[in-house]
Amino acid sequence: MDDSRHTDTTQNPPDYRLGVGGVMLRDAWYYAMPAAALKRSTTVHRTLLGEPVLLGRAADGKVFALRDTCPHRGTLLSKGSFDGREVECPYHGWRFATDGSCTAIPSQAAAQRPQPQDVHAETFAAAEHQGNIWVYIGARKTQLPPVPEVPVLGDRLQLHVSMTFACNIDLAVIGLMDPAHGAFVHRSSLWRKADSIHEKHKDFSPLPESEGLGWCMDRHTASRNSRAYSLFLGGAPETEISYRLPSVRIEHARTPKYNYCGLTACTPVTADTTEVHHAMYWDLPAAPVLRAIMRPMALRFIDQDRRAVLSMQEGLAFNPPTMLVQDADTQTRWYYRLKREMLAAQAEARPPRNPITPVTLTWCS
Ligand code: FES
Ligand SMILES: [Fe+2]
């Protein structure tokens, strides 16, 4: 996206402007799939950031990831077979262990090259954590940052839903994090009405460096028009929300009795297609009943966001002038600003510096 289309309506320096539109940040963990969907001794194909990834779970339960193109002629390895230990390419039967080492090239006579020891399939770091599978996309192979994690409820993944948005990652991320659209996009006679809009003040702080580049909306009592929460948790909860680049939002809500955590992660499939994943954790009773109620609700919510984002995308295709207002759009500015800082840090081979300082933001929603 071009900077010049965005008008600053405030005294802020113009460094938030949308100069990194659609760039897919590398050297980061991306949400690949819920762990329960990957059975032992099976593999699946995923495209992440335009890269073909074979995700597999070995017979011993360990998750692994290979570049899903055969080093011989490029066939998708995930179209072949997997016996729980080795992947076999469907075209000429080359075989690969889960660490990428080649174990068989059936067409080669003993005196010919290459032999299996000469060939290696590329691997990706994969991690299974709290019921989710993450894949690290980037050149780095060691000293990887920790995978995102929810507090308190890590062993209680109750529900995962996902949806594909036909837009780049930036539009998906800023569409989901936007704080002022709820009363319009998610309007509901049950829990959110347009006339419930009121002024809010929220304290923000930078994310601790060890957790990556991002920010935190400090713990606060959920607002009175978040009735969905109150219904769900049986009382007004305290909520804390963090956002971490490239695309992970973690929310923790708690009442004296119960906890709820939501992990939302956007994964670019390609430059203009993004998967939105939402993993939900809770410790309330009657989990199966709640799951049955929550699944369609969660899908409806995300689909409302999807349609809102696609409408914005359709408008932006006309290259209109736009504006980012204070303070309702401040998190959108931060997102772009941090993304630019991450790209600069990667280009200069230095650790990123978080430019966010503690601040209270005010908006009506
Ligand atoms: S393309 Fe995979 S073995 Fe030939
Ligand atoms: Fe939304």
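For clarity, every value in this text was computed on a predicted model and none was experimentally measured.

## A few points about the coordination of the iron ion (ligand 2)
- Within the protein, the iron ion (ligand 2) binds to H181 (NE2), H186 (NE2), D305 (OD) and D305 (OD); these donor distances fall in the range 2.0 to 2.7 Å.
- Around the iron ion (ligand 2) sit 4 donor atoms, and with donor-metal-donor angles ranging over 53 to 145° the site reads as irregular.
- Between consecutive donor residues of the iron ion (ligand 2), the sequence gaps follow H-x4-H-x118-D. In this pair, H186 is assigned in the loop between α2 (182-185) and β13 (199-206) and D305 in helix α4 (residues 287-316), connecting sequence segments 119 residues apart. D305 matches H186 in its accessibility class, with the two residues each being buried.

## Observations regarding the environment of R219
- Structurally, R219 is set in strand β14 (residues 214-221).
- A relative accessible area of 29% places R219 in the partly exposed class.
- Expressed as a C-alpha distance, the spacing of R219 and P237, which sit 18 residues apart in the sequence, is 10.0 Å.
- Setting aside anything within four residues of it in sequence, one finds R219 in contact with E238, T239, E240, H252 and R254.

## Comments concerning the domain arrangement of the protein chain
- Each domain of the protein chain was delimited in the assignment, giving domain 1 (3-23 + 151-364) and domain 2 (28-137).
- Between the C-alpha centres of domain 1 and domain 2 there is a distance of 33 Å.
- In this complex, domain 1 contributes 19 residues to the contact, which on the side of domain 2 involves 14 residues.
- Between domain 1 and domain 2 lies a buried interface of about 1200 Å² when both sides are counted; carbon and sulfur atoms form 64% of it.
- Together, P246, T267 and V269 form the three largest contributors to the area buried by domain 1 at its contact with domain 2, with a combined 29%.
- Taken together, the connections running from domain 1 to domain 2 amount to 0 salt bridges.
- Where domain 1 meets domain 2, there are 6 residue pairs in polar contact (both at pLDDT 80 or more).
- Broken down by secondary-structure element, the contributors of at least two residues to the side of domain 1 that touches domain 2 are β12 (157-165), β17 (259-270) and β18 (273-282).
- Considered class by class, the residues forming the side of domain 1 that touches domain 2 number 11 nonpolar, 6 polar and 2 charged.

## Points about empty space enclosed by the protein
- Under the definition given, this model contains 2 cavities of 30 Å³ or more.
- For the largest cavity, the calculated volume is near 50 Å³.
- Every residue lining the largest cavity is listed: V173, L176, M177, Y243, S247, R249, T264 and C266.
- Secondary-structure elements contributing two or more residues to the lining of the largest cavity are α1 (169-177) and β17.
- Residue composition of the lining of the largest cavity, by class: 5 nonpolar, 2 polar and 1 charged.
- In this structure, the second largest cavity occupies an estimated 40 Å³ of space.
- Lining the second largest cavity are V23, M24, L25, Y30, I169, L245, P246, Y335 and K339.

Rules of the game
- Residues numbered from 1 in each chain as written.
- Chains lettered and ligands numbered in written order.
- Predicted model: local features only at pLDDT ≥ 70, side-chain atom pairs only at ≥ 80, totals over all residues.
- Heavy atoms only, no water.
- Donors = N, O, S within 2.8 Å, 3.2 Å for Na, K, Ca; no water.
- Tetrahedral: all angles 85-135°; square planar, octahedral: opposite > 155°, others 65-115°.
- Helix = DSSP H or I, 4+ residues; strand = E, 2+ residues; numbered from the N terminus.
- Buried < 20%, exposed > 50% of the residue type's maximum accessible area, 1.4 Å probe, protein only.
- Contact = heavy atoms within 4.5 Å.
- Domains from an automatic or database assignment.
- Buried area = accessible area lost by both parts, 1.4 Å probe.
- Salt bridge = Lys/Arg side-chain N within 4 Å of Asp/Glu carboxyl O.
- Polar contact = N/O pair within 3.5 Å; in protein donor to acceptor, adjacent residues only side chain to side chain.
- Nonpolar A, V, L, I, M, F, W, Y, C, P; charged D, E, K, R; others polar.
- 1 Å grid on protein atoms, 1.4 Å probe; cavity = no way out; pocket = protein on both sides within 12 Å on 5 of 7 lines; lining within 4 Å.
- Points joined across faces, edges and corners; volume = space filled by probe spheres on them.

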